[in-house]
Every structure is written in C-alpha cells, then in structure tokens.
Amino acid sequence: MRKTGLKIIIPLLVIILLIITDDLSAQRTKSSLKAGEQRSAEKGLKDNRYYFYFINSSITNFGNDNEKKLFKEAIQRDIIARLLYMKFLFHESYREIRRSQNILISLYKKTILKDIRITRELLNEFASSVLKSKDAKARRYLRLGYRDAEVSRQFMIMADNYRKNLYSLRLNKYVRAIKKAKLSKRYAFLSIMRIKQIEKKSGKELSSMNFKELGRLITDYYPERKDYFLTIHYDNYYLTGKKKSFYDKIWEKPDFNEIKEYNEYLKKN
C-alpha cells in the first residue's frame, strides 16, 4: 500500500511543481513585459518634452490654423499619455506617445520647410547690400547663413529617408534641422545689422551684443517691419515674445473630449 501511495503521490507532486514553475515563469514574463513597457513609456514622455520645446515657438509665432490644430492634438495625446502613465497603464501610454510623435513628424517637416523659406528670403533680401559693402564680417555672416540653411535642408532630407516607424530617430534629425535653420536666420540678421552699423558709424561689436540689444537694433534699423522681424528674432531663440505659447494654452485647457479614445481610457482602472 505504501509503495502504491508513493507511486500516486510522486507524479502528482511533479505535476504540481510543473504547474507552479510554469505559473512563476509566466508571472516573471508578464512582469518583465510590464517593466519594458514602463521604460519605453518613460523614455517616450521624456523625449516628447524635448520635441515639443523645439517646435513650440515656431507654431506659436508662424503656425497656420491647420498646423495649430495638429499641434493641439499632439499635445492632447501627450498629456493623456502622461495621465495613463500615472495610472500604470504603460502600454496605453506608449501607444498615445507614438500617436503624438507621428503628428509631430508631420509638423516638424512643415516647420522646417517654412523656416528654410523664411531664411532664404532674408538672406536673398540682404545679400545685395552685404555684397556691395565688401565688408568682410558682413560677408562672412551671410556665407554662414547660406551654409546653415543648406545644412538644415540636408538634415531634413536625411530624416525623411529614415524608416517611417523610427519616430525618435527622425524627430532627432528634424531637431538638428530646426536648430540650423534658426541659426541661419540669426546670421542673416547679423549680416545686415553689420552693414547698418557701418552706415551709421556705430562702434559696438555685434558679437558682444545680447538678445535684447540685437532686438533694439532691429527696431531702430527697420521700424516699418519691426513686428515681423522681431517675431523672427524671438523665434530664433525659441521665444514667443509677449504672447503666451500655444503649448501652454493647451495645457491650461486640454479639451480631452476631442480625443475619441479618451472616454475609453476613463473606463480603465
């Protein structure tokens, strides 16, 4: 009887151990997946803050109605992603991050094209006066402006040719394109400010001037176009002047009900 009992008990124990082992393994796998989703969502939210910073002033200062509509949705989805992350819904959070970044990719492309267009318009407008002056510094600023405008275009093309689902890589390259475009516009202003200084025999070196001083020069030299030129000047430094940024406005009033998935998320947890 004892041997018979052992013959029955031992297989049962083996089966129980296998069940427990499989269950623990499944739990570890589930826990590992959850941790991976958390890391992905956490990185995505951190990246998004960076991406929104680089495009916020451009949309606020120069965005049309369609671009602002898209930007609003990208911000809304980013905020929702942050709320979902706080509710430990990491998979859903990451899904909204991807949707937000997909919108940002489209916006970045539009913004860079606009930045490059504005840059070339400024450079071409100022080029005649700069070249006539034969001033070495002004010519150098002009040359650097054209150079960075072209580098911006090249970065944009590189981003365009990345695989479509590599959102972060594409956005990072677009960020570099925007940086170069804004730097190019700074050089455009420096080139013509240098010429104006020579004409008015102003002695202060442009490279030693701060943001406000350069702004005052733009106002003094181009009073009839100061609003447009100062907007560009502010945008070159990722600022919006006295206007509240579009990003801040949406954070104050996110209008989540415009996002159809939002009500579904409310039902969870």
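Above this text sits the structure in question.
About the criteria used
- Residues numbered from 1 in each chain as written.
- Predicted model: local features only at pLDDT ≥ 70, side-chain atom pairs only at ≥ 80, totals over all residues.
- Heavy atoms only, no water.
- Buried < 20%, exposed > 50% of the residue type's maximum accessible area, 1.4 Å probe, protein only.
- Helix = DSSP H or I, 4+ residues; strand = E, 2+ residues; numbered from the N terminus.
- Axes fitted to C-alpha atoms, helices over the stretch in contact; angles between N-to-C directions.
- Parallel < 35°, antiparallel > 145°, perpendicular 65-115°, else oblique.
- Left-handed = near helix turned anticlockwise from the far one by under 90°.
- Contact = heavy atoms within 4.5 Å.
- Nonpolar A, V, L, I, M, F, W, Y, C, P; charged D, E, K, R; others polar.

(A) Layout of unusual backbone geometry. Positive phi, normally seen in glycine, also occurs at Tyr238, with a value near 60°. With a relative accessible area of 17%, Tyr238 lands in the buried category. With a phi close to 50°, Asp255 is a non-glycine residue in the positive phi region. Within the secondary structure, Asp255 is located in the loop between helix H8 (246-252) and helix H9 (262-266). Its relative accessible area of 27% is what places Asp255 among the partly exposed residues.

(B) Just the packing of helix H3 (residues 90-133) against helix H4 (residues 136-160), in detail. It is the contact of H3 with H4, at a shortest axis distance of 10 Å, that shows an interaxial angle of 160°. It follows from the interaxial angle that H3 and H4 lie roughly antiparallel. The interaxial crossing formed by H3 with H4 has left-handed handedness. Contacts between H3 and H4 involve Lys109, Ile112, Leu113, Ile116, Thr119, Arg120, Leu123, Asn124, Ala127, Val130 and Leu131 from the former and Ala138, Arg139, Leu142, Gly145, Tyr146, Ala149, Glu150, Ser152, Arg153, Met156 and Asp160 from the latter. Along the lines of polarity and charge, the residues of the contact of H3 with H4 split into 12 nonpolar, 4 polar and 6 charged.

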